[in-house]
Amino acid sequence: MASAPRVRFAPSPTGFLHVGGARTALFNWLFARHEGGVFVLRIEDTDRERSQAELTQAILDGLEWLGVTWDEGPHHQADGVERHRADVQRLLESGAAYRCFCTPEQVDEMRAQAHEQGRAAAYDGRCREIPADEVERRAKDEPFTVRFRMPEGETVWDDVVGGSTRFKNSDIEDFIVLRTDGTPTYNLAVVSDDLEMKISHVIRGADHVSNTPKQIQIYRALGAAPPVFSHVPLIMGPDGKRLSKRHGSTAVGEYRTAGFLSSGMNNFLALLGWSPGDDTEFMNVDELVERFTLDRINVKSAIFDHEKLEWLNGQHIANTPSPRLTELVKPILIAAGVTTEEELKKRSEWFDSVLDLVKTRARTLNELCERVRPFFSRDLEFDPAAVKKHWKHPEEVIDRLSQLLSELSKNEAWSEEGLEAQLRALAELMGVGAGKLIHPLRVAITGSAVSPGIFEVMIVMGRELV
């Protein structure tokens, strides 16, 4: 029986957790949960100059909000530097790597010459065959890097997403695995860490494909079998170009601030490049875990559709029990001065009925709060377009609504059926369609031309506020 898979998410704390990274984390987490495996979190912070503690915390906060919980970690790549150096030493001893004494200027010159001659701009391997005694002598006084000795032939692997993938080793220069200051490069550190953490499957973006042949060769040189690779196609903006800041907010924290639910965000991210195999779109986390498999990841790039994100988020809001929604919208409402914690606590059942009434139309928590606002306040913000359309002749509208108010005040029961019957009877008496009363009334008590059924709104809002 095969052992449970071990996967990892390894962000660099040089920026916030963005959509692409969040999706990578989610895919790894869903796979681990579906297979009963282990999800490892590793912070790749060997770039000391660019790594920032506050960005590490922002990444952790983003993952926690999404519910992507880790089983091990967070490990810090910087803590493994001594192991990385030991692995480089093993490569040197086996002949799979060598010391290179070329200066950066010399390497730039090699690449420029190669480019002029129509060849790939690459290091030419001139330090490959320096005699061992000379290497030892020069290493005492001269700065050097350590380069991996790319073997002849091809590097081939069966990618779960991309299928059989191959690179000519001659197209890959002898790349650096240890810098002159003794710090490891990305490809060496990743392989060393993945071996240490016994990672069985690497699920990452397709932008890492060019690193994979280098890493596979390091695995083999260290006497280890490479993990199973799955390279997920990139996320594109609506214009077909790679998703970036120019397409709008891409940091996960910004979506949280904008009022998106973690369940809605997870649902949307999962469908960016993965399909359950049918037309199902709305799924909660448990359903995603149950249905997620690597073979359902698409080869084609995914398009980030903000309207679809809003629609899915709206579905999750509509399907969230109102007591839970209360906890989510309460901080927003209190911060906006709409209500207080004491009032919400005192009128909790009533507020549940408000949410039940308006939540099916809201796409974000912020929008939900705006739909809730009229139930608390006499001071409304009126939609100018609604006023222009339904209060075109203010004196006439005021006269009609005044008559309606007088009629409704006689209704002691204040029931939906009674309110509707009175309004329609008055409209008939006035010789106008019921809409001539309903639409101006809706604007008057909600500030908008759109709302749930106006009589339902009036019942929940209550006689006094109406």
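Being a predicted model, the structure only gives us computed values, none of them experimental.

About the criteria used
One numbering rule holds for all chains: residues counted from 1, following each sequence as written. Side-chain atom pairs in this predicted model are given and counted only at pLDDT of 80 or more, local residue features only at pLDDT of at least 70, and totals for whole chains, interfaces and linings cover all residues. Processing note: side-chain calculations cover all non-hydrogen atoms of the structure and skip hydrogens and water entirely. Put simply, DSSP marks the helices as runs of H or I at least four residues long and the strands as runs of E at least two long, and each gets a number from the N terminus on. Here the globule rule is a power law, 2.2 Å times the number of residues to the power 0.38, and the radius of gyration is based on C-alpha atoms. Any two residues having at least one pair of non-hydrogen atoms within 4.5 Å are treated as being in contact. Methods summary: accessible areas were calculated by the Shrake-Rupley approach with a probe of 1.4 Å, and residue burial reflects only the protein chains presented. Counting rule applied: Lys, Arg positive; Asp, Glu negative; His and chain ends not counted. We put the charge of a Lys on NZ, of an Arg on CZ, of an Asp on CG and of a Glu on CD. Lining residues are those with an atom within 4 Å of a point, where the points come from a 1 Å grid over the protein atoms alone and group into cavities, where a 1.4 Å probe fits but cannot get out, or pockets, open sets with protein on both sides within 12 Å along at least five of seven lines. Grid points are joined across faces, edges and corners, and a volume is the space filled by probe spheres set on the points. Residues are sorted three ways: Asp, Glu, Lys and Arg are charged, Ala, Val, Leu, Ile, Met, Phe, Trp, Tyr, Cys and Pro are nonpolar, and all the rest, Gly among them, are polar. Two aromatic rings from Phe, Tyr or Trp, using only the six-membered ring of Trp, form a pair when their centres are within 6.5 Å; if the ring planes differ by under 30 degrees the pair is stacked, by over 60 it is edge-to-face, and anything between is tilted. Comment: the charge-over-ring label is applied if NZ (Lys) or CZ (Arg) is within 6 Å of the ring centre and within 35 degrees of the ring normal. For helices, the axis comes from a line fit to the C-alpha atoms of the stretch in contact; other axes are also lines fit to C-alpha atoms, and the angle between any two N-to-C directions lies between 0 and 180 degrees. Roughly parallel means an angle under 35 degrees; roughly antiparallel means over 145; roughly perpendicular covers 65 to 115; every other angle is labelled oblique. Crossing handedness: left-handed means the near helix sits turned counterclockwise from the far one by under a right angle, and right-handed means the same turn made clockwise. Only protein chains enter the calculation, and the probe is 1.4 Å; a residue is then buried if its accessible area is under 20% of its type maximum, exposed if over 50%, and partly exposed in between. Throughout, right-handed denotes a crossover for which the path from the first strand over the helix to the second runs clockwise when the strands point away from the viewer. By the convention used here, strands pair only if DSSP detects at least 2 bridges between them. What a helix is expected to span follows from its residue count: subtract one and scale by 1.5 Å. Any N or O atom pair separated by 3.5 Å or less is treated as a polar contact, with the protein-specific requirement of one donor-capable and one acceptor-capable atom, and with residues adjacent in sequence counted only for side-chain atom pairs. Working definition of a nonpolar core: buried Ala, Val, Leu, Ile, Met, Phe, Trp, Tyr and Cys residues. They are joined through side-chain atoms within 4.5 Å.

Draft legend 1. Local environment of the overall build of the protein chain. A count of helices and strands for the protein chain gives 20 helices and 12 strands. For 466 residues, the compact-globule estimate of 2.2 N^0.38 gives 23 Å, and the protein chain exceeds it by more than 25% at 31 Å. Along the three orthogonal principal directions, the C-alpha set of the protein chain runs to about 110 × 55 × 40 Å. Sequence-distant contacts in the protein chain: of pairs separated by 6 or more residues, those separated by 24 or more amount to 73%. If you sum the accessible surface of the protein chain, you get close to 23500 Å²; carbon and sulfur atoms cover 49% of it. Seen as two clouds, the 56 positive and the 72 negative side-chain charges of the protein chain have centres 2 Å apart.

Draft legend 2. Molecular detail of the layout of surface pockets. In this structure, the largest pocket encloses a volume near 880 Å³. Lining the largest pocket are 31 residues, with Gly20, Gly21, Thr24, Asp207 and Arg242 sitting closest to its centre. If you tally residues by element for the lining of the largest pocket, the top one is helix α1 (residues 19–35), at 6 residues. Considered class by class, the residues forming the lining of the largest pocket number 12 nonpolar, 12 polar and 7 charged.

Draft legend 3. Highlighting the packing of aromatic side chains. Counted under the stated rule, the structure contains 11 aromatic pairs. For the ring pair Tyr255 and Phe304, a centre distance of 6.3 Å and an interplane angle of 45° mean the geometry is tilted. A residue pair is termed long-range when its members are at least 10 positions apart, and Tyr255 in helix α8 (residues 252–257) and Phe304 in the loop between β12 (302–303) and α11 (306–318) qualify at 49 residues. Through pairs of rings, three or more aromatic residues link up here, namely Tyr255, Phe260, Phe268 and Phe304. The ring of Tyr123 carries Arg147 above its face, with NZ or CZ at 3.7 Å from the centroid. Taking the ring centre of Trp350 as reference, the NZ or CZ of Arg347 above it sits at 3.7 Å.

Draft legend 4. Layout of the packing of helix α17 (residues 394–408) against helix α18 (residues 416–430). At their nearest, the axes of α17 and α18 sit 10 Å apart, and the two run at 135° to each other. Taken together, the axis directions place α17 and α18 in an arrangement best described as oblique. For the crossing formed where α17 meets α18, the hand is right-handed. Along the contact surface, α17 presents Arg400, Gln403, Leu404, Glu407 and Leu408, while α18 presents Leu419, Gln422, Leu423, Leu426 and Met430. A class-by-class count of the residues in the contact of α17 with α18 yields 6 nonpolar, 2 polar and 2 charged.

Draft legend 5. View of the pairing of strand β9 (residues 201–205). Counting buried positions along β9 yields 5 of 5 residues, so the element is predominantly enclosed. At this point the chain moves from β9, through helix α7 (residues 212–221), to the parallel strand β10 (residues 228–232), and the crossover so formed is right-handed.

Draft legend 6. Representation of unusual backbone geometry. In this model, Gly73 is joined to Pro74 through a cis peptide bond whose omega is 0°. The topology assignment puts Pro74 in strand β3 (residues 72–76). The phi dihedral of Lys198 falls on the positive side, at around 55°, and the residue is not glycine. Mapped onto the secondary structure, Lys198 falls in the loop between α6 (186–196) and β9. For Lys198, a relative accessible area of 60% corresponds to the exposed category.

Draft legend 7. Layout of the sheet that holds strand β5 (residues 145–148). Read across the sheet, 3 strands follow the order β4-β5-β8 without closing on themselves; strand pairing throughout is antiparallel. The open sheet has two edge strands, β4 (97–100) and β8 (176–178), and neither has a second partner. Within the sheet, the average angular offset between the axes of one strand and its neighbour, ignoring direction, is 45°. Where β4 and β5 come together, 4 bridges link them in antiparallel fashion. Its bridge partner lying in β5, Cys100 is registered against Thr145.

Draft legend 8. Inspection of helix α2 (residues 53–66) at higher detail. Taking 1.5 Å per residue, 14 residues should reach 20 Å; α2 reaches 20 Å between its end C-alpha atoms and fits that length. In the core, the buried residues of α2 are packed alongside β1 (6–9), α1, β2 (38–43), β3, α8 and α9 (262–270). Immediately beyond the C-terminal end of α2, within one or two residues, lies Gly67, with a positive phi of roughly 85°.

Draft legend 9. Inspection of the side chain of Asp174 at higher detail. With respect to the helices, strands and loops of the structure, Asp174 is situated in the loop between β7 (163–168) and β8. We classify Asp174 as buried; its relative accessible area is 6%. Polar side-chain contacts of Asp174 include one of 2.7 Å to the side chain of Tyr98. Separated by 2.6 Å, the side chains of Asp174 and Arg128 make a polar contact. Those residues within four positions of Asp174 in sequence are excluded, and the remaining contacts are Tyr98, Tyr123, Gly125, Arg128, Arg147, Phe148, Arg149 and Met150.

Draft legend 10. Structural detail: the nonpolar core. By size, the foremost hydrophobic cluster in this structure holds 46 residues, and its most contacted members are Val19, Trp274 and Phe304. Counting only elements with at least two residues in this core, the list comes to β1, α1, β2, α2, α8, α9, α10 (285–291) and α11. Non-local contacts of Phe304, meaning those with residues more than four positions away in its chain, are made with Val19, Ile235, Met236, Pro238, Leu243, Tyr255, Phe268, Leu272 and Leu309. By size, the runner-up hydrophobic cluster in this structure holds 41 residues, among which are Val338, Leu344, Leu355 and Val372.

Draft legend 11. Fine view of the sheet that holds β1. Spatially, 3 strands are ordered β1-β2-β3 in an open sheet, and the strand pairing comes out parallel. At either end of the open sheet lies a strand with only one pairing partner, and these are β1 and β3. Put simply, the sheet's adjacent strands are angled 25° from each other on average, direction ignored. Note that β2 and β3 share 3 bridges and pair parallel. Across the sheet, Arg42 pairs through a bridge with His75, a residue of β3. Taken strand by strand, α1 contacts β1 and β2, and its axis lies near 165° from that of β1.

Purely geometric stuff here, so don't read any function into it on its own.
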